[in-house]
Amino acid sequence: MKPRGRGILACIFAPYHSIFIDMPQIQIPSPLRQYSGKQASVDVPGNTVGEALAGLVSQHPELKRHLYTDDGKLRAFVNVYVNDEDMRYLQKEATALKDGDTISIVPSIAGGC
Amino acid sequence: MATLSETKLPETKPETVLSNDEILRYSRHLIMPEVGMEGQLKLKAAKVLCIGAGGLGSPLALYLTAAGVGTLGIVDFDVVDYTNLQRQIIHSTADVGRKKLDSAADKLKAINPFINLRTFDTKLTSANALDLFREFDMVADGTDNFPTRYLVNDACVLTGKPNVYGSIFRFEGQASVFATENGPCYRCLYPEPPPPGLVPSCAEGGVLGILPGLVGVIQATEAIKLILGQGDPLIGRLLLVDALGMKFRELKLRKNPECPACGTHRTITKLIDYDQFCGIRGVEAAPATGGGLSEISVEELKKKLDNKEDIFVLDVREPHEYQICNINGYLIPLGDLPKRVGELDSSREIVAHCKMGGRSAKAVAFLQQAGFTKVHNLTGGITAWAERVDPKMPKY
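Residues numbered from 1 in each chain as written. Chains lettered and ligands numbered in written order. Predicted model: local features only at pLDDT ≥ 70, side-chain atom pairs only at ≥ 80, totals over all residues.

Draft legend 1. Geometry of the nonpolar core. All names here are of chain B. Counting 98 residues, the largest nonpolar core has Val 48, Cys 50, Ala 61, Val 139 and Ala 223 as its most contacted members. Here this core takes ten residues from helix α10 (residues 211–228), the largest share from any one element. Leu 314, Val 316, Ile 332 and Leu 367 belong to the second largest nonpolar core, which has 20 residues in total. (Core = buried A, V, L, I, M, F, W, Y, C linked by C-beta atoms within 7 Å. Buried ≥ 20, exposed ≤ 12 C-beta atoms within 10 Å, placed from the backbone. Helix = DSSP H or I, 4+ residues; strand = E, 2+ residues; numbered from the N terminus.)

Draft legend 2. Region of the structure containing the sheet that holds strand β9 (residues 295–296) of chain B. Residue and element names in this part refer to chain B. Ordered in space as β9-β13-β12-β10-β11, the five strands form an open sheet in which the pairing is parallel. Each edge of the open sheet is held by one strand with a lone partner, namely β9 and β11 (330–331). Contacting β12 (349–353) and β13 (375–378), helix α15 (residues 358–369) runs over the sheet at an angle of about 175° to β13. (Pairing = 2+ DSSP bridges. Contact = placed C-beta atoms within 7 Å. Axes fitted to C-alpha atoms, helices over the stretch in contact; angles between N-to-C directions.)

Draft legend 3. Representation of the sheet that holds strand β8 (residues 247–252) of chain B within the structure. Residue and element names in this part refer to chain B. The mixed open sheet is built from eight strands, whose spatial order is β3-β2-β1-β4-β5-β6-β7-β8. Looking at strand neighbours, the two that pair on one side only are β3 (116–120) and β8, the edges of this open sheet. Strand-to-strand twist of the sheet, defined as the mean angle between neighbouring strand axes without regard to direction, takes the value 15°. The sheet contact formed by strand β7 (residues 237–242) and β8 spans six bridges and is antiparallel. Residue Arg 237 lies in a different strand from β8, and its bridge partner there is Lys 252. Where helix α5 (residues 100–111) meets the sheet, it contacts β2 (71–75) and β3, and its direction lies at approximately 175° from that of β3. Across the sheet, helix α7 (residues 146–159) touches β1 (47–51), β4 (138–141), β5 (163–169) and β6 (172–178), and the angle it forms with β4 is around 165°.

Draft legend 4. Summary view of the confidence of the model for chain B. A residue-level look at chain B finds 92% of positions with pLDDT of 70 or above and a mean pLDDT of 91. Overall fold confidence (pTM) sits at 0.81, and the ipTM for the predicted complex is 0.77. (pLDDT = per-residue confidence, 0-100.)

Draft legend 5. Quick look at the environment of Asp336(B). Residues and elements named next belong to chain B. With respect to the secondary-structure elements, Asp 336 resides in the loop between β11 and α14 (337–340). Under the C-beta neighbour-count criterion, Asp 336 is labelled partly exposed, with 13 such atoms within 10 Å. Between the C-alpha atoms of Asp 336 and Glu 318, which are 18 residues apart in sequence, the distance is 9.8 Å.

Written out as structure tokens, the structure is:
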């Protein structure tokens, strides 16, 4: 991963960039937390939404089956937001991430009982 | 974001007036400019249909009734049970065993005798939804399953009625207003439901008792705003409620031009079979037990244990469930089974159980794949044990 926009310090310490760069944070909804080591949010490197999600499922392989279909497509009942915008209306998985962006996974829930 | 002027609002009938008793009852509304006499008459003329008298339906119906919504419809076919009382505040302990509709009607009439309460003792289906919805101005969706969620959405789109939406899971909720004239619908947000079993229901996953209160009151607020034509409705916005972090976040929703229900080339022109759409076969979505799964009844297990047969009982529930009740099984939660399978002896007879039999069926299938041959699933789980073997055991 390239360090993004952090000037000379980040270049010098490029091998340790994760210490200096705000990694995108992925918010995990409660139905999926049992597959993310019970974490409510996970910091993962990635310049795009697709890279960040790939990083997430490589850290937490059990999430993969819940987020992706067998042929590798994001499931239709899982929506991914970058900040407050649906990535389907941005550049989908190719959507570029900036420092401090928050990715939210918002699956459909049906409870009401 | 869609504006209120784009939303269909109920027409105020000119002949509607408030009696002196009603004026006194609604005085705190009447002295607010945002409601006033005009708004209160709009509320009186309004007809709202609540789907479900459960967790979300309880606060919805209570507040809409108190606020003076003139005609309130409730659709429900369920009976009050003890596990409802932790959150379904319209029902009380004495109502256990009664129809939810009867229980709810008593409370609502006691709160406000001026409203016209219409109860529908039926399951909402593709056969009755359109006729039912046409008699109301808007629908408040308080159901608890995906097939009914999609049914409510499609019927709202087809009849042009706003869908005041709320749903909950554990300590998180979602709320929005769907299916207004120019706003997105539920299918714009979620074109397809999850496959059965992938997303747990409240009965499986639990729900914090206050959460339906929070989300149901948000739905009631939205319904009242739509009726009054005041404020900014949740059209084109999805409100996420996290009760544990006590955070409210808002996401943008867009009307999907390719939406099969409300897009430019609509393919859903009538209601469909929603159980089939959601992948549910038959009435009960029984966990897939597979052909080669060996089942054992609670009576058989009891007999084998009493005869001191060598049976290894494997409990695949979570530790907090084990604390509620257990049959001295060896606890390995289903999610931990792959990495802890080494703790099990494949030469022994193993009976796996969970609460109802669904998770343990998955455990048995996993163990069979891992080479275990003498592994059985306890049919009906520890709940069946509590019902038929040990009545003193608590059920949850």
